[in-house]
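One-letter residues, chain by chain:
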2 protein chains.
Amino acid sequence: MSLPSLIEDEFVTVDAHTLTDTVRAVLRANGADAAGAQTQATHLIEAELRGHPSHGVRRLPIIVERLRAGFIVPGVEPEFSWVTDSVLRVDGRNGFGPAVAWRTVELVAARAASTGITLATVSAANHIGMLSPYVEELALGGWIAIALTTSEALVHPWGGSRALVGTNPIAIAVPSATDPIVLDMSTSAVSMGKVIEHSARGIPIPAGWAVDEHGESTTDATAATSGAISPFGGAKGFALGLTLEAMVGVLSATALGRDVHGTLDAERAVTKGDVFICIDVERIGVSAMLPVLSRYLEEVRDSGDVRVPGDRSRVERAHRLTHGITLDPALWDQLTSLTEGVHHD
Amino acid sequence: MSLPSLIEDEFVTVDAHTLTDTVRAVLRANGADAAGAQTQATHLIEAELRGHPSHGVRRLPIIVERLRAGFIVPGVEPEFSWVTDSVLRVDGRNGFGPAVAWRTVELVAARAASTGITLATVSAANHIGMLSPYVEELALGGWIAIALTTSEALVHPWGGSRALVGTNPIAIAVPSATDPIVLDMSTSAVSMGKVIEHSARGIPIPAGWAVDEHGESTTDATAATSGAISPFGGAKGFALGLTLEAMVGVLSATALGRDVHGTLDAERAVTKGDVFICIDVERIGVSAMLPVLSRYLEEVRDSGDVRVPGDRSRVERAHRLTHGITLDPALWDQLTSLTEGVHHD
């Protein structure tokens, strides 16, 4: 295997299978069921593969603490209720987020084949992780998909300095005749995961990302974690993020603002919500558009130094599948220490 | 009636009823049916009332030209086909945009009362105008609503300088126990309507709004109209706008990129698409969330110099209903000249 050029002391490189096995073993050692551990591990490693370590194995210690504290309930069966033919209400019953989310996605996709459009509202699922794997998988199968989730209040309103709004990401994927277009972005200038990553590495954050606890702009990542992240794109980004929080909170009947807990801490049950909308392209009779979209996206790519949403992740993923995933050695040590007392399955 | 303090030579002030009557008369004089003229006029004046002249009566001359050229067909009945119980396909048959859109909105709202969620995909409707009136009306009735539309390729991709993407607005409204939250924003740094408004008034545009035909940043509004508008919020805003274009184009089986025509010109049939998603809050059983949302939005408003999306339009609207709408005298002269040969109904 050919490794990327690395300063050996700075990083360790682990292949995706080894890393998945390690994370799964950690989860199993801490009480996770086999299926839950597998789904959770795979989803964390997907984020690493796509070049988003903020949603990768850095999240594992909190997940383990939540397992130990009983805030993640292993092996639980989510409760699925079809409110109408097109609307699925999901009570995650505090299960692993990705386990609940993947089950939900399968159900709404299958149902959209008859109803055309389906909506799933999810409460009491733990952090579902990076959104793009869900919507991309759906788009590869011929569905247009939207995924939304709320998060802890980390972002200040435009015109305010107190953290009152989640980083509220939006993911949308649309199939084409070639690769789907896959949007996955937070509505903050940056995700808290990335700020935490900078803090953990002891490196500063760029100006414009965040304010400190006094509402002053800061480049100190650790100070930012007790302050507030700025919305992306000024007033518009704030407006979008707040509206998504309102929509997801109402639809999933979950908490809003500072009442959202449980994706960054190990002290409280999860109170955020998730929403999926799924549309079957073939069922609504517009499959003829897929090659039209492919040609358009190609024109956009060819117009400069331009990437279509999803392109970069695809390249990063292919690279890391071949060359491995680089990790901070301290993080790797932390992960492997969590395997102490493992009972392999 | 108390008028705002105005330099008399610079503006004329017209009350909303007079302006609506004038616009309706212009449309009738140019062949519009009574109902179409009323709906189109009311929608243009709604934009003026909300303080968005870019989507107001400034659009009337093009609408009149399109009527005269046969690209807007007055009195036509849109074709509504329920593809599934939850999905409505609408062929606007080149009718007035707002007339098609309001009919569509009524149908999807009524159906959502049984199905929970409905999707409408609209082709061959002329420019449906400002999106917020549609979603706000739905939210006031207890629906969560999303409205999307494509537009002429006016925005350059992030990393490119050629106009290949529409300004692709997104509107979302969510009911609360008090006022709904109403998002309505383009995914460009500014709407082309606003650039045209600056050009018409001979005033410069702020840096960052646009590039000229050579791809260079410009503050000359007229130069910007032959160049490209920048996406809002950098790479993220571009990613959002492009993905919305892909989604709306595929869902409504309408044109993408530079094949989108007919909202700014009077030379071609309209080729853009519109999408509405409507969710009945009561039907899905989450009405108890509405006071929770009200309290949260109040906390956000109270946290600084902060406005919740929809607040500003509400204030502007109330002010203009009392104090009238101010117009550029040249625009007013142009409007009134379009009434020549009017046959009042």
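Definitions and limits used
- Residues numbered from 1 in each chain as written.
- Chains lettered and ligands numbered in written order.
- Predicted model: local features only at pLDDT ≥ 70, side-chain atom pairs only at ≥ 80, totals over all residues.
- Heavy atoms only, no water.
- Contact = heavy atoms within 4.5 Å.
- Buried area = accessible area lost by both parts, 1.4 Å probe.
- Salt bridge = Lys/Arg side-chain N within 4 Å of Asp/Glu carboxyl O.
- Polar contact = N/O pair within 3.5 Å; in protein donor to acceptor, adjacent residues only side chain to side chain.
- Helix = DSSP H or I, 4+ residues; strand = E, 2+ residues; numbered from the N terminus.
- Nonpolar A, V, L, I, M, F, W, Y, C, P; charged D, E, K, R; others polar.
- Buried < 20%, exposed > 50% of the residue type's maximum accessible area, 1.4 Å probe, protein only.
- Pairing = 2+ DSSP bridges.
- Axes fitted to C-alpha atoms, helices over the stretch in contact; angles between N-to-C directions.
- Least-squares fit on C-alpha atoms with pLDDT ≥ 70 in both.
- Domains from an automatic or database assignment.

Caption draft 1: The arrangement of the interface of chain A and chain B in detail. Contact with chain A, which involves 69 residues of that partner, is made by 69 residues of chain B. Here chain A and chain B share an interface that buries about 5500 Å² over both sides, 78% of which is from carbon and sulfur atoms. Counting the surface chain A buries against chain B, the share from its top three residues, K236(A), V250(A) and Y296(A), is 13%. Remark: the boundary between chain A and chain B carries two salt bridges. A salt bridge links E299(A) to R162(B), with the shortest nitrogen-to-oxygen separation between them at 3.8 Å. There are 13 residue pairs in polar contact (both at pLDDT 80 or more) connecting chain A and chain B. Every element with two or more residues in the side of chain A that touches chain B is listed here: β3 (87–95), α4 (97–115), β4 (117–125), β5 (143–149), β6 (170–174), β7 (181–185), α8 (234–252) and α9 (289–301) of chain A. A per-element tally of the side of chain A that touches chain B places α8(A) first, with 14 residues. Taken together, the residues of the side of chain A that touches chain B break down into 42 nonpolar, 18 polar and nine charged.

Caption draft 2: Representation of the pattern of salt bridges. All names here are of chain A. Applying the stated criterion across every chain, the model contains 28 salt bridges over all chains. For D265, the salt bridge is made with R66, and the minimal N-O distance between the two is 3.6 Å. Pair noted here: D265 is in the loop between α8 and β11 (273–280) and R66 is in helix α3 (residues 60–69), with a separation of 199 residues, a long-range link. Considered together, D265 and R66 belong to a single accessibility category, that of buried residues. Look at the salt bridges and you will find they share partners, linking E46, R50, E136, D179, E298, R301, D311, R314 and R317 into a network.

Caption draft 3: How the structure looks around the sheet that holds strand β2 (residues 79–84) of chain B. All names here are of chain B. If you walk across this open sheet you meet the seven strands as β2-β3-β4-β11-β5-β6-β7, and the pairing is mixed. Either end of the sheet is taken by a strand with one partner, and the two such strands are β2 and β7 (181–185). Between one strand and the next, the sheet's axes are offset by a mean angle of 10°, whatever the strand orientation.

Caption draft 4: The arrangement of the side chain of S54(A) in detail. Mapped onto the fold, S54(A) is located in the loop between α2 (34–49) and α3. Polar side-chain contacts of S54(A) include one of 3.0 Å to the side chain of H55(A).

Caption draft 5: Representation of helix α5 (residues 132–140) of chain B within the structure. Residues and elements named next belong to chain B. Of all nine residues making up α5, seven are buried, and the element is well covered by its neighbours. For α5, every residue scored as buried is listed here: S132, P133, Y134, V135, E136, L138 and A139. Of the residues flanking the end of α5, it is G142, one or two places downstream, whose phi is positive at about 105°.

Caption draft 6: Seen up close, the pairing of strand β2 (residues 79–82) of chain A. Residues and elements named next belong to chain A. Note: β2 against β3, four bridges, orientation antiparallel. Paired with F80 across the bridge in β3 is V90. Counted along the chain from β2 to the antiparallel partner β3, the turn is four residues long.

Caption draft 7: Up close: the relation of the copies chain A and chain B. For these two chains of identical sequence, chain A goes onto chain B by a turn of 180° and a shift of 0.0 Å along the axis, with RMSD 0.0 Å. Taken together, the rotation and translation describe the operation of a two-fold axis. Among all C-alpha atoms of chain A, that of G233(A) lies closest to the rotation axis, at 1.9 Å. When you check the interface residues of chain A against chain B, 100% turn up at the interface there too, and the contact is symmetric in its surfaces.

Caption draft 8: Focus on the domain arrangement of chain A. Residues and elements named next belong to chain A. Taken domain by domain, chain A comprises domain 1 (6–72 + 324–338), domain 2 (79–188 + 234–289) and domain 3 (194–230). Placing a centre on the C-alpha atoms of domain 1 and another on those of domain 3 gives a separation of 24 Å. Taken together, the five residues of domain 1 in the interface contact five residues of domain 3. Between the two partners, domain 1 and domain 3, sit zero salt bridges. The interface formed by domain 1 and domain 3 includes zero residue pairs in polar contact (both at pLDDT 80 or more). A class-by-class count of the residues in the side of domain 1 that touches domain 3 yields two nonpolar, one polar and two charged.

Caption draft 9: Fine view of the environment of N94(B). Within the fold, N94(B) resides in strand β3 (residues 87–95). Sequence spacing of N94(B) and G75(B) is 19 residues, and the spatial spacing of their C-alpha atoms is 10.0 Å.

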